[in-house]
Amino acid sequence: MRTEGGLETVRAGALTTVQDLGRPGYAHLGVPRSGALDLAAHRLANLLLGNPETAATLETTLTGCTVRALGPTVAVVTGAPCRVAVDGRPAPWGQPLRLRPGAMLDVGAATHGVRSYLGFAGGVGAEPVLGSRATDLLSGLGPAPLSDGDVLPLGTPAPLPSAGRTVPDAAPWAAPPRELVLPVSYGPRDDWFTAEGLRTLVTGTYRVSAASNRIGLRTEGPALARAREGELASEGMPLGAIQVPPEGRPVIFLADHPTTGGYPVIGVVPPGALSAAAQATPGTPVRFTASGG
């Protein structure tokens, strides 16, 4: 069921998409997981509103967005810190905001980090595809990225929290990383690289490339020396896989990554470390550390 009203997109920004926890379990069909890149920020937005963590939010990229409430609702902004305004008046970031019908919620450019999250009581009510409302930029599943003038429904708000259940009234602020530290479990194709190449991965100086997106975080830095030439037959690619294309610079696969690929995977970053990657701006130093996992 959905509430009357919803949201009208007044300014879509550089890239604003509907996201939830994604659609895991369909890699055998060639369907990526997708979902919010900064899962911690997505979950926090829902927690602040009393929504289940599965409720859909809006994920903005760098420049924020502006929406108009078509009915009464409660909203919150988490993720990358940014200027927030309601009807032109400054409003708090990270605190639930009551919006009257017609109110304009403006989420400004990220002051630190890359992606902010707009949560709404009841969640964004886009039609689910394979059990998820997430926009997948690679496969095209889910709702299209927002455009000016788009109207989105909202779901039915959850009942007020029961006694004993605590819902915070403000988001804890966590600064995006000044250095992105990514633990790496080697394999399955680390034998395609020389000992020097493996050493370079954990000792080299890398930075986040401006070519990064929801599919992968690309890096700039020293190339990893190969022990074997040629490429692999296409094989499965998990979330967090560090694929090394022919130029030799690591690419960390994020939520919209392809499910298969033919370049060797030198190692895998655990999913818990990827929320920080979602907020790393171009030029952020990247350091890989060897993990025993």
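Below: a short report on this structure. (Residues numbered from 1 in each chain as written. Predicted model: local features only at pLDDT ≥ 70, side-chain atom pairs only at ≥ 80, totals over all residues. Heavy atoms only, no water.)

This brings us to the overall build of the chain. When its secondary structure is counted, the chain shows 3 helices and 20 strands. Since a compact globule built from 293 residues should have a radius of gyration of about 19 Å, the 20 Å found for the chain is in line with a globular shape. Along the first, second and third principal axes, the C-alpha atoms of the chain reach 60 × 40 × 40 Å. Within the chain, buried positions represent 49% of all 293 residues. Partitioning the intrachain contacts of the chain with sequence separation of at least 6 by distance along the chain shows that 75% fall at a separation of at least 24. For the chain, the separation between the mean place of its 23 positive charges and that of its 23 negative charges on side chains is 4 Å. (Helix = DSSP H or I, 4+ residues; strand = E, 2+ residues; numbered from the N terminus. Rg over C-alpha atoms; globule rule 2.2 N^0.38 Å. Buried < 20%, exposed > 50% of the residue type's maximum accessible area, 1.4 Å probe, protein only. Contact = heavy atoms within 4.5 Å. Lys, Arg positive; Asp, Glu negative; His and termini not counted. Charge placed at Lys NZ, Arg CZ, Asp CG, Glu CD.)

Below, the discussion takes up the packing of aromatic side chains. One pass over the structure, following the stated rule, counts 1 aromatic pair. Arranged with centres 5.8 Å apart and planes meeting at 80 degrees, the rings of tyrosine 206 and phenylalanine 288 form a pair that is edge-to-face. Taken together, the positions of tyrosine 206 in strand S13 (residues 206-208) and phenylalanine 288 in strand S20 (residues 285-290) put the pair 82 residues apart, joining distant regions of the chain. Assigned by exposure class, tyrosine 206 and phenylalanine 288 land together as buried. (Phe/Tyr/Trp six-rings, centres within 6.5 Å; stacked < 30°, edge-to-face > 60°.)

By definition, the strands of a sheet pair up through backbone hydrogen bonds, in either a parallel or an antiparallel sense. One open sheet holds the 6 strands; their spatial order is S7-S6-S9-S4-S1-S11, and the pairing between them is antiparallel. Edge positions in the sheet fall to strand S7 (89-91) and strand S11 (151-152), since each of these pairs with one other strand and no more. Pairing of strand S1 (residues 7-11) with strand S4 (residues 65-69) involves 4 bridges; the strand directions are antiparallel. Directly across from arginine 11, in S4, lies its bridge partner threonine 66. (Pairing = 2+ DSSP bridges.)

Within the secondary structure, glutamate 235 is located in strand S15 (residues 235-236). At a separation of 2.8 Å, a polar atom in the side chain of glutamate 235 contacts the side chain of arginine 189. (Polar contact = N/O pair within 3.5 Å; in protein donor to acceptor, adjacent residues only side chain to side chain.)

This part covers the pairing of strand S14 (residues 216-220). Relative to S14, S13 runs antiparallel, the two being bridged by 2 bridges. Opposite valine 208, over in S14, you have threonine 219 as the bridge partner.

A few words now on the environment of alanine 277. For alanine 277, the position within the fold is in helix H3 (residues 274-278). Given a relative accessible area of 4%, alanine 277 falls into the buried group. Through-space distance from the C-alpha of alanine 277 to that of leucine 254 is 8.6 Å; in sequence the pair is 23 residues apart.

On to the nonpolar core. Counting residues in each nonpolar core, the largest one holds 31 residues, and the members touching the most others are Leu182, Ile252, Val269 and Phe288. The set of elements that each furnish at least two residues to this core consists of helix H1 (39-49), strand S12 (180-186), S13, H3 and S20. In this view, isoleucine 252 contacts Leu182, Ile215, Gly216, Leu217, Thr219, Gly240, Ala241, Ile242, Val269, Leu274 and Phe288; residues no more than four positions away in its chain are not counted. In this structure, Ala56, Leu58, Phe120 and Leu154 belong to the second largest nonpolar core, which totals 27 residues. (Core = buried A, V, L, I, M, F, W, Y, C linked by side-chain atoms within 4.5 Å.)

Looking now at the side chain of serine 275. Following the sequence through the fold, serine 275 ends up in helix H3. A distance of 3.5 Å separates the side chain of serine 275 from the side chain of aspartate 38, its partner in a polar contact. In this structure, serine 275 is in contact with Leu37, Asp38, Leu39 and Ala40, ignoring residues within four places of it in sequence.

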